[in-house]
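Structural overview for review
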Amino acid sequence: MSPADAFDPRLDVYIAKSKPFAQPILTQIRELIHKAVPGVVETMKWSRPFFEYKGAILCNMASFNEHCSFGFWGEEIAAVLRDGDVLQPGAMGSLGRLTRIEDLPANKQMLSLLRKAASFIDSGEYTSPIAARQKVVKAPTPTVQ
């Protein structure tokens, strides 16, 4: 895959259609992801920008009317975020409501977190939050005879 293949033009459109306050935040996040994790691939899922690494979802970002969100994927990186007091519980995404670039962790810390998240995928320790969900088993529906 060439580096150009890692970029999805749909993300350019998504960022351009976002509110003016959100555009620099989303652009900064996107640049940091590509800097930290060579080989990351952009895509759109559920109408939002996602970043995949070696076929697994690494993270995603989103823009809303008054804030942006950024979320890491993977149970293992969530534990690292909790231990490092970075995770914002009760907030959408991992980092809480982002309304300005200064709301993001420092570039050095963000790059480190992104590399750590990718390392879980590299080592095979990655557990998708979807796969980690408890399945609800429904009782069979009785048939009427």
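Just so we're clear, the structure is a prediction, and the values are computed from it rather than from any experiment.

Some details on the packing of aromatic side chains
Across all of its chains, the model carries 4 aromatic pairs by this definition. Summarising the aromatic geometry, the rings of Trp 46 and Trp 73 are spaced 6.2 Å apart at their centres and angled 10° between planes, so their arrangement reads as stacked. One end of the pair, Trp 46, is in the loop between strand S1 (41–45) and strand S2 (48–53); the other, Trp 73, is in the loop between strand S4 (68–72) and helix H3 (75–83), with 27 residues separating them in the sequence. Classification of Trp 73 as buried rests on a relative accessible area of 13%. Put simply, the rings of Trp 46, Phe 50 and Trp 73 pair up and form one aromatic cluster.

What about the sheet that holds S2?
The 4 strands lie next to each other as S1-S2-S3-S4, forming an open sheet whose pairing is antiparallel. Edge positions in the sheet fall to S1 and S4, since each has one partner strand and no second. With strand direction ignored, the average angle separating the axes of adjacent strands in the sheet is 25°. Bridging between strand S3 (residues 56–63) and S4 involves 5 bridges; their strand directions are antiparallel. Bridging from a neighbouring strand, Cys 59 pairs with Phe 72 of S4.

Topic: the pairing of S2
The element S2 is extensively covered by neighbouring structure, given that 5 of its 6 residues are classed as buried. Between S1 and S2, which pair antiparallel in sequence order, lie 2 residues; one of them, Trp 46, sits at a positive phi of approximately 50°. With 4 bridges connecting them, S2 and S3 associate as antiparallel partners. The residue bridging Phe 50 from the neighbouring strand is Asn 60, located in S3. What sits between the antiparallel neighbours S2 and S3 is a turn of 2 residues, in which Lys 54 has the positive phi angle 55°.

Side note on the nonpolar core
Counting 36 residues, the largest nonpolar core has Leu 58, Phe 70 and Leu 114 as its most contacted members. Those elements giving two or more residues to this core turn out to be helix H1 (9–17), helix H2 (22–36), S2, S3, S4, H3 and helix H4 (107–123). Ranked by residues supplied to this core, first place goes to H4 with 8 residues. Once residues within four sequence positions are removed from consideration, Leu 114 is found in contact with Leu 32, Ile 33, Ala 36, Val 37, Leu 58, Cys 59, Phe 70 and Phe 72.

Examining the confidence of the model for the chain
Averaged over every residue, the pLDDT of the chain is 85; residues scoring 70 or more account for 81%. The secondary structure element of the chain with the lowest average pLDDT is helix H5 (residues 129–132), at 51, and the one with the highest is H1, at 97.

Concerning the side chain of Glu 52
Structurally, Glu 52 is set in strand S2. A distance of 3.1 Å separates the side chain of Glu 52 from the side chain of Lys 45, its partner in a polar contact. If we ignore the near neighbours within four places in the chain, the residues touching Glu 52 are Gly 39, Val 40, Val 41, Thr 43, Lys 45, Ile 57 and Leu 58.

Observations regarding H2
One turn of the α-helix equals 3.6 residues, which is why residues spaced by three or four share an orientation. With 15 residues, H2 extends 21 Å from end C-alpha to end C-alpha; this agrees with the ideal 21 Å at 1.5 Å per step. Within H2 the residues assigned to the buried category are Ala 22, Ile 25, Leu 26, Gln 28, Ile 29, Arg 30, Leu 32, Ile 33, His 34 and Ala 36. Residues of H2 that are buried in the fold lie against H1, S1, S2, S3, S4 and H4.

Scoring rules and cut-offs
Residues numbered from 1 in each chain as written. Predicted model: local features only at pLDDT ≥ 70, side-chain atom pairs only at ≥ 80, totals over all residues. Heavy atoms only, no water. Phe/Tyr/Trp six-rings, centres within 6.5 Å; stacked < 30°, edge-to-face > 60°. Helix = DSSP H or I, 4+ residues; strand = E, 2+ residues; numbered from the N terminus. Buried < 20%, exposed > 50% of the residue type's maximum accessible area, 1.4 Å probe, protein only. Pairing = 2+ DSSP bridges. Axes fitted to C-alpha atoms, helices over the stretch in contact; angles between N-to-C directions. Core = buried A, V, L, I, M, F, W, Y, C linked by side-chain atoms within 4.5 Å. Contact = heavy atoms within 4.5 Å. pLDDT = per-residue confidence, 0-100. Polar contact = N/O pair within 3.5 Å; in protein donor to acceptor, adjacent residues only side chain to side chain. Expected span 1.5 Å × (residues − 1).

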